[in-house]
Amino acid sequence: MGKIPSIKELRRVASKKSTNGFLNPMCDFLAFYPAKLFLYLPMNPVQITVLWIVIKIVMASMMVTGHYVLTIVALALFQLASILDGVDGIVARFRKDYSYNGIYIDYIGHYLCNSLLLICLGIGTYFATGDKWVLIASALGVFSYLLAKSITINLQWFFNQKMRDDIDEIIY
């Protein structure tokens, strides 16, 4: 294992070129602190990705109970797992250990976990209130989310070398 850099040096070496949205810049900023810790561990970026996916699945499943306090705790931990989502990319860029499989698993994790969050939150709210419309609203939310995401993913990324090079330039 090589020398682990300071947070400042890690930001210089492993920052993304751009970050979109409102929460993404905050999560990306915070991700450098746990990323430094993960650099000491013998985990590769794909393993870190699988870790945050598992955490988010467990947290989403905790919301099904409909218990208010448990749902709030699970939502908070679900959001903290979003910080780990940034850690895998930082570790990959620092170690120069990135792969298209890792990027693909990351995308699938987003689609799975965010959809599961909406479904589990809807089921938990249904158990707490008994209102069937919550289930319909949650299903429509998942459908809309997945429809919007299906428009943005392009399978040619994984088959066309020019497109992969273009993505490499954008991401790394």
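Further up the page is the structure itself.
Calculation rules
- Residues numbered from 1 in each chain as written.
- Predicted model: local features only at pLDDT ≥ 70, side-chain atom pairs only at ≥ 80, totals over all residues.
- Heavy atoms only, no water.
- Helix = DSSP H or I, 4+ residues; strand = E, 2+ residues; numbered from the N terminus.
- Buried < 20%, exposed > 50% of the residue type's maximum accessible area, 1.4 Å probe, protein only.
- Contact = heavy atoms within 4.5 Å.
- Areas by Shrake-Rupley, 256 points an atom, 1.4 Å probe, with all protein chains shown as cover.
- Axes fitted to C-alpha atoms, helices over the stretch in contact; angles between N-to-C directions.
- Parallel < 35°, antiparallel > 145°, perpendicular 65-115°, else oblique.
- Nonpolar A, V, L, I, M, F, W, Y, C, P; charged D, E, K, R; others polar.
- Core = buried A, V, L, I, M, F, W, Y, C linked by side-chain atoms within 4.5 Å.
- Salt bridge = Lys/Arg side-chain N within 4 Å of Asp/Glu carboxyl O.
- Patch = residues over 30% accessible without salt bridge, like charges linked within 9 Å, V, L, I, M, F, W, Y side chains within 5 Å.

A.B. asks: Would you mind going over the overall build of the protein with me for this structure?
C.D. replies: Secondary structure summary: the protein contains 7 helices and 0 strands in total. Helices (α) and strands (β) of the protein occur, in sequence order from the N terminus, as α-α-α-α-α-α-α. Looking at the protein residue by residue over its 172 residues, the buried ones come to 33%. Partitioning the intrachain contacts of the protein with sequence separation of at least 6 by distance along the chain shows that 75% fall at a separation of at least 24. As displayed, the protein offers around 10300 Å² of accessible surface, 69% of which is attributable to carbon and sulfur atoms.

A.B. asks: Before we go on, may I ask you to explain the side chain of Thr 49 in this structure?
C.D. replies: Position of Thr 49 relative to the elements: it lies in helix α3 (residues 45-62). For Thr 49, a relative accessible area of 3% translates into the label buried. Sequence-distant contacts of Thr 49, that is, excluding residues within four places in its chain, are made with Asp 88, Ile 105 and Asp 106.

A.B. asks: Just to check I follow, could you spell out the packing of α3 against helix α4 (residues 68-95) for this structure?
C.D. replies: Here α3 crosses α4 at 170 degrees, and the two axes come no closer than 8 Å. Considered as vectors, α3 and α4 are oriented roughly antiparallel to each other. In this structure, α3 uses Pro 45, Ile 48, Thr 49, Leu 51, Trp 52, Ile 55, Lys 56, Met 59, Ala 60 and Met 62 to contact α4, whose residues at the interface are Leu 70, Ala 74, Leu 77, Phe 78, Ala 81, Ser 82, Leu 84, Asp 85, Val 87, Asp 88, Val 91 and Ala 92. Considered class by class, the residues forming the contact of α3 with α4 number 17 nonpolar, 2 polar and 3 charged.

A.B. asks: Just checking my understanding: could you explain the packing of α3 against helix α5 (residues 100-129) for this structure?
C.D. replies: The description of two helices packed together rests on the angle between their axes and the distance between the axes. One way to put it is that α3 packs onto α5 with a least axis distance of 9 Å and a crossing angle of 5 degrees. With respect to each other, α3 and α5 are oriented roughly parallel. Touching Val 46, Thr 49, Trp 52, Ile 53, Lys 56, Ile 57, Ala 60 and Ser 61 of α3 are Gly 102, Ile 105, Asp 106, Gly 109, His 110, Leu 112, Cys 113, Asn 114, Leu 116, Leu 117 and Cys 120, all from α5. Considered class by class, the residues forming the contact of α3 with α5 number 11 nonpolar, 6 polar and 2 charged.

A.B. asks: Help me understand the nonpolar core, please; the structure alone is not making it clear to me.
C.D. replies: Grouped burial of nonpolar side chains is what soluble globular proteins tend to show. Of all hydrophobic cores here, the largest spans 26 residues; its most connected members are Leu 10, Phe 38, Met 63, Phe 78, Val 87, Ile 90 and Val 91. For this core, the secondary-structure elements that each account for two or more residues are α1 (7-14), α2 (23-39), α3, α4 and α5. Among the elements that take part in this core, α4 stands out by supplying 7 residues, more than any other. Setting aside chain neighbours within four positions, we find Val 91 in contact with Ala 35, Phe 38, Leu 39, Pro 45 and Ile 48.

A.B. asks: Hey, could you run me through the pattern of salt bridges in this one?
C.D. replies: Note on pairing: side chains with opposite charge can pair once their charged atoms come close. Applying the stated criterion across every chain, the model contains 1 salt bridge. Where Glu 9 meets Arg 12, a salt bridge forms, and the shortest distance between an N and an O atom there is 2.5 Å. Taken together, the residues span about one helical turn, with Glu 9 and Arg 12 both in helix α1 at a distance of 3 residues. A relative accessible area of 61% means that Arg 12 is categorised as exposed.

A.B. asks: Would you mind going over the side chain of Ser 82 with me for this structure?
C.D. replies: Within the secondary structure, Ser 82 sits in helix α4. What makes Ser 82 buried here is its relative accessible area of 15%. Not counting the four nearest positions on each side in its chain, Ser 82 is found in contact with Cys 27 and Lys 56.

A.B. asks: I tried to follow a nonpolar patch on the surface on my own but got confused; where do I start?
C.D. replies: On the surface, Tyr 68, Val 69, Ile 72, Val 73, Leu 75, Leu 77 and Leu 80 cluster together into a nonpolar patch covering about 640 Å² of accessible area. Owing to a relative accessible area of 51%, Leu 80 belongs among the exposed residues under this scheme.

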